[in-house]
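Observations on the model geometry
Here's the letter readout for the chains.
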Amino acid sequence: MKVRVNGEGIEVQEGTTLLDYLQQKGVNPQLVVVEYNREIVKRDTWHEVVLQEGDKIEILAFVGGG
């Protein structure tokens, strides 16, 4: 099944949750915010969000500087 992550089309298995995907990619949950179909998803609900065909996900990393 295809979803878009940061504008790129990718394949994921059916039944994959948002948390599963992020863990597979080695994303540190403490360093990102996730937008799922144009809505920010609370970190403690990532395991409940099951990805569906055509979903759009944006993973936004915190950047420090000064």
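For the structure itself, look to the data block above.
These remarks concern the structure in this document. The shown structure was predicted, so the numbers you read here are calculated from the model rather than taken from an experiment. (Residues numbered from 1 in each chain as written. Predicted model: local features only at pLDDT ≥ 70, side-chain atom pairs only at ≥ 80, totals over all residues. Heavy atoms only, no water.)

Describing the environment of Ile10
Following the sequence through the fold, Ile10 ends up in strand S2 (residues 8-11). In this structure the C-alpha to C-alpha distance between Ile10 and Gly26, which are 16 residues apart in sequence, comes to 16 Å. Leave out the neighbours within four places in its chain, and Ile10 touches Met1, Lys2, Val3, Val5 and Tyr21. (Helix = DSSP H or I, 4+ residues; strand = E, 2+ residues; numbered from the N terminus. Contact = heavy atoms within 4.5 Å.)

Observations regarding the pairing of S2
Where strand S1 (residues 2-5) and S2 come together, four bridges link them in antiparallel fashion. Of the residues in S2, the one forming a bridge with Val5 is Glu8. Between the end of S1 and the start of S2, which pair antiparallel, lie two residues, with Asn6 showing a positive phi angle near 50 degrees. (Pairing = 2+ DSSP bridges.)

Some details on the nonpolar core
Leu18, Tyr21, Leu51 and Ile57 are the most contacted members of the largest nonpolar core, which has 17 residues in total. Contributions of two or more residues to this core are made by S1, helix H1 (18-24), strand S3 (32-36) and strand S5 (56-61). Non-local contacts of Tyr21, meaning those with residues more than four positions away in its chain, are made with Val5, Ile10, Val12, Thr16, Leu51 and Ile59. (Core = buried A, V, L, I, M, F, W, Y, C linked by side-chain atoms within 4.5 Å. Buried < 20%, exposed > 50% of the residue type's maximum accessible area, 1.4 Å probe, protein only.)

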